[in-house]
Amino acid sequence: VFVYDKRGTGKSQGQYSQDFSLLADDAAAAVREARRLAGKRAGRVGFHGGSQGGYVAPLAATRAPVDFVSVGFGLAISPLEEDRQEIVLEMKLKHHTQAEIDKALEVAAAAATILTSGFTKGFDEFDAVRNKYRGESWYKDLHGNFTVDFLPLTAAELRERKKEFLVGTPMSYDAMPVLRRLKTPQLWQLGALDLAAPSAETARRLKSLKGITVAMFPNAEHGIYEFETGPYGARVDLRNSDGYFALIRDFARDGRLHGSYGASVISGPAK
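Report on the accompanying structure. (Residues numbered from 1 in each chain as written. Predicted model: local features only at pLDDT ≥ 70, side-chain atom pairs only at ≥ 80, totals over all residues. Heavy atoms only, no water.)

A word on the overall build of the protein
Looking only at helices and strands, the protein features 11 helices and seven strands. The C-alpha radius of gyration of the protein comes to 20 Å, within 12% of the 18 Å expected for a compact globule of 271 residues. Taking the principal axes of the C-alpha coordinates as reference, the protein spans close to 65 × 40 × 35 Å. Considering the protein as a whole, with its 271 residues, one finds that 46% of them fall into the buried category. Taking contacts inside the protein between residues at least 6 apart in sequence as the whole, the part at least 24 apart equals 64%. Surface accessibility of the protein: about 13900 Å² in total, with carbon and sulfur atoms responsible for 52%. Across the protein, the centroid of the 36 positively charged side chains sits 8 Å from that of the 33 negatively charged ones. (Helix = DSSP H or I, 4+ residues; strand = E, 2+ residues; numbered from the N terminus. Rg over C-alpha atoms; globule rule 2.2 N^0.38 Å. Buried < 20%, exposed > 50% of the residue type's maximum accessible area, 1.4 Å probe, protein only. Contact = heavy atoms within 4.5 Å. Areas by Shrake-Rupley, 256 points an atom, 1.4 Å probe, with all protein chains shown as cover. Lys, Arg positive; Asp, Glu negative; His and termini not counted. Charge placed at Lys NZ, Arg CZ, Asp CG, Glu CD.)

Structure below.
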């Protein structure tokens, strides 16, 4: 396995970025270096991307030919939609009504306006909508991906910290054109209870495409971790689901799956 630190992190140089195209170029360069180092030892070579790597690995495979792409707990929806779906899923799991969810999405939309404008507009609207709802019982359960980070900050604090949020993430990125044209075999591992990267819509989209195998782990959250819920409602990760690593190993080794992999439900072309 060839593993490297993302640019601007760990021992890697460069400026930290969440620009998927830039990161895909880095991954393509990494696979070329991995092949060089491996030399004649290299057999099947592919990408494995976790979480945000679900955007990067398929894109990288269009720039550096590989034998397979493996994605763990990634998304086929935009980062902007990820925030919305996180909010909807968590509030449904906590038994909030559709009317309450709709109010939460008003707050999320106002936060999104600030982010997608590059922190140039939307502050007054965001203040107004969160002040309107902050006293309601559901408000404490409003999280999402970036909305939850915006909630406690004043407009001045948001402006001061904008560099923390503006790191090149293409918030409206559409993964589907890349996934449609990529001919490389893909294996996606998803958790049915993932709050950080809600999997239902991603699974639906992936199953509509050819050449993609989807393994859904019914009791897993982000990272394909199974968990228990603590006394205050927080999840405590216990272990990876049975079959998770064996699934990746078998697909990487020969592109085939052999029997069952824990409780996962597998759909798609891998045989």
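Here's the deal with the packing of helix α3 (residues 79-93) against helix α4 (residues 98-116)
It is at 10 Å that the axes of α3 and α4 come closest, and there the two elements cross at 155°. Judged by the inter-axis angle, α3 sits roughly antiparallel to α4. As for how α3 packs across α4, the hand of that crossing is right-handed. Only Glu100, Ile101, Ala104, Leu105, Ala108, Ala112 and Thr116 of α4 make contact with α3, whose side of the interface consists of Leu80, Asp83, Arg84, Ile87, Val88, Met91 and Lys92. (Axes fitted to C-alpha atoms, helices over the stretch in contact; angles between N-to-C directions. Parallel < 35°, antiparallel > 145°, perpendicular 65-115°, else oblique. Left-handed = near helix turned anticlockwise from the far one by under 90°.)

Looking at the environment of Phe150
Tracing the backbone shows Phe150 in helix α6 (residues 147-150). With a relative accessible area of 0%, Phe150 lands in the buried category. Taking the C-alpha atoms as reference points, Phe150 and Ala112, separated by 38 residues in sequence, lie 9.8 Å from one another. Sequence-distant contacts of Phe150, that is, excluding residues within four places in its chain, are made with Ala111, Ile114, Leu115, Phe119, Phe126, Arg130, Leu158 and Phe165.

Notes on α4
Over its 19 residues, α4 runs 26 Å from end to end, which matches the ideal 27 Å to within 8%, given 1.5 Å per residue. By the burial criterion, the buried members of α4 are Glu100, Ile101, Ala104, Leu105, Val107, Ala108, Ala110, Ala111, Ala112, Ile114 and Leu115. Among the structural elements, α3, α5 (123-133), α6, α7 (155-160) and α8 (162-165) are those in contact with the buried residues of α4. Looking one or two residues beyond α4, the residue adopting positive phi is Gly118, at roughly 70°. (Expected span 1.5 Å × (residues − 1).)

Thoughts on the pattern of salt bridges
Using the criterion set out here, one finds 17 salt bridges in the structure. When the shortest N-O distance is used, the salt bridge between Asp141 and Lys140 registers 3.8 Å. Where Arg239 meets Asp242, a salt bridge forms, and the shortest distance between an N and an O atom there is 3.0 Å. Its relative accessible area of 39% is what places Arg239 among the partly exposed residues. Connected through salt bridges with shared partners, the residues Glu90, Lys94, Lys140 and Asp141 form a single ionic network. (Salt bridge = Lys/Arg side-chain N within 4 Å of Asp/Glu carboxyl O.)

Describing empty space enclosed by the protein
Take a probe with the size of a water molecule and roll it over the atoms, and the empty space left behind shows itself. Inspection of every chain in the model, using the stated rule, returns one cavity of 30 Å³ or more. Lining the largest cavity are Gly54, Tyr55, Pro58, Leu75, Tyr173, Ala175, Val178, Leu179 and Trp188. Elements that contribute at least two residues to the lining of the largest cavity include exactly α2 (53-61) and α9 (176-181). Looking at the lining of the largest cavity, the element that brings in the most residues is α2, giving three residues. (1 Å grid on protein atoms, 1.4 Å probe; cavity = no way out; pocket = protein on both sides within 12 Å on 5 of 7 lines; lining within 4 Å. Points joined across faces, edges and corners; volume = space filled by probe spheres on them.)

Quick look at the packing of aromatic side chains
According to the stated counting rule, one finds 15 aromatic pairs in the structure shown. Relative to Tyr173, the ring of Tyr55 has its centre 5.7 Å away and its plane inclined at 85°; by these criteria the two rings are edge-to-face. Of this pair, Tyr55 sits in helix α2 while Tyr173 sits in the loop between α8 and α9; the two residues are 118 residues apart in sequence, bridging distant segments of the chain. Of the two residues, Tyr55 and Tyr173, neither departs from the other in class, the shared state being buried. Taken together, the aromatic side chains of Phe119, Phe123, Phe126, Phe146, Phe150 and Phe165 make up a single cluster linked through ring pairs. Lying across the ring of Phe123, Arg159 places its NZ or CZ 3.9 Å from the centre. (Phe/Tyr/Trp six-rings, centres within 6.5 Å; stacked < 30°, edge-to-face > 60°. Lys NZ or Arg CZ within 6 Å of the ring centre and 35° of its normal.)

Some details on the nonpolar core
Counting residues in each nonpolar core, the largest one holds 36 residues, and the members touching the most others are Phe47, Val69, Tyr173, Leu179, Trp188, Leu190 and Leu206. Core analysis: the second largest hydrophobic core is formed by 28 residues, Met91, Leu115, Leu153 and Met171 among them. (Core = buried A, V, L, I, M, F, W, Y, C linked by side-chain atoms within 4.5 Å.)

Examining the packing of helix α1 (residues 20-38) against α2
Between two packed helices, the angle of one axis relative to the other and the distance separating the axes together describe the packing. Between α1 and α2, whose axes approach to 8 Å, the crossing angle comes to 60°. If you check the angle between α1 and α2, you find them oblique. Regarding α1 and α2, the two cross each other, and that crossing is right-handed. Residues Phe20, Ser21, Leu23, Ala24, Ala27 and Ala28 of α1 form the contact with α2, whose participating residues are Tyr55, Val56, Leu59 and Ala60. Along the lines of polarity and charge, the residues of the contact of α1 with α2 split into nine nonpolar, one polar and no charged. (Nonpolar A, V, L, I, M, F, W, Y, C, P; charged D, E, K, R; others polar.)

The quantities given are spatial measurements derived from coordinates; they are silent on function.
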